[in-house]
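Inside the fold
Spelled out from the first residue to the last, the chains are:
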Amino acid sequence: MKLVPCAKAKGAYLISVTSYKGNLLSEVCDFNVHLPLERELCPFDLAPVTSTAIQMVFGDTVAIALMSAKDLSRDEYAANHPAGRIGKSLIFKVKDVMKKQEELPLCKESDMIMDQLVELTSKGCGCLLVIDDMHHLVGTFTDGDLRRTLKASGEGIFKLTVGQMCNRNPRIIDPEAMAVEAMQKMESPPSPVQFLPVINDQNVVIGIITLHGLVSAGL
């Protein structure tokens, strides 16, 4: 009731949705939708159980009907839900949530594995992005690769370069791709991954997107 004068001052057409006839709200609005209610599910007919369920079903039905009638686009939908998980999945692109520049765990394929342990662990990505002199992606080397190499090679790991043991065919993603697409790509077969190198159309590394970063962004 306190909101009605404010809404009317803006020239809004007011529609009330009620279950009891003759209430004050229906009298001060321009139009009333009556949702019949025999009684609440509550054994004392007090707690608003049935009435709230009816209101929710009605509201959701009207919302979906209006979306269909207005031929609402995904972009328009996202504009109405900018902060929640639904809106973020429709708005956020990879470039909006990726790590970049000094945050990237970069190394060259000629670097010794043991010399890159600090870089591997300090950037919080769980991997190294192996690049050439032109910043083109050569491959990736993960903390899992480190454990497998150590198990297989033992002390021989001190003589191995990152390029000898890196994955030269990693999954990658474009900066203009949707962030939710990156999450789907990380979870796709044959096995899930925790990160994706972000590559531009010249195969230059410009970022990295991590599962932790997506979750932190609310996706």
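Residues numbered from 1 in each chain as written. Predicted model: local features only at pLDDT ≥ 70, side-chain atom pairs only at ≥ 80, totals over all residues. Heavy atoms only, no water.

Going by what an unreviewed UniProt entry lists, the protein chain is known as CBS domain-containing protein and is assigned to Papaver nudicaule.

Note that an α-helix has 3.6 residues per turn; residues three or four places apart therefore point the same way. Within helix α8 (residues 143-153), the full set of buried residues consists of G144, D145, L146 and T149. Residues of α8 that are buried sit in contact with α7 (117-122), β5 (137-142) and α9 (162-165). Where α8 begins, the side chain of T142 points an oxygen toward the backbone nitrogen of G144, at a separation of 3.2 Å. G154 sits one or two positions beyond α8 and adopts a positive phi of about 60°. (Buried < 20%, exposed > 50% of the residue type's maximum accessible area, 1.4 Å probe, protein only. Helix = DSSP H or I, 4+ residues; strand = E, 2+ residues; numbered from the N terminus. Contact = heavy atoms within 4.5 Å. Polar contact = N/O pair within 3.5 Å; in protein donor to acceptor, adjacent residues only side chain to side chain.)

Taken as a whole and judged by the stated rule, the model has six salt bridges. Salt-bridge contacts for E119 lead to K123; the nearest nitrogen and oxygen are separated by 2.9 Å. For D145, the salt bridge is made with R148, and the minimal N-O distance between the two is 2.8 Å. Here R148 and D145 lie together in helix α8, a separation of three residues that amounts to about one turn. A relative accessible area of 14% means that D145 is categorised as buried. The exposure class of R148 is exposed, given its relative accessible area of 53%. What emerges from the salt-bridge pattern is a single network uniting K93, K95 and E176. (Salt bridge = Lys/Arg side-chain N within 4 Å of Asp/Glu carboxyl O.)

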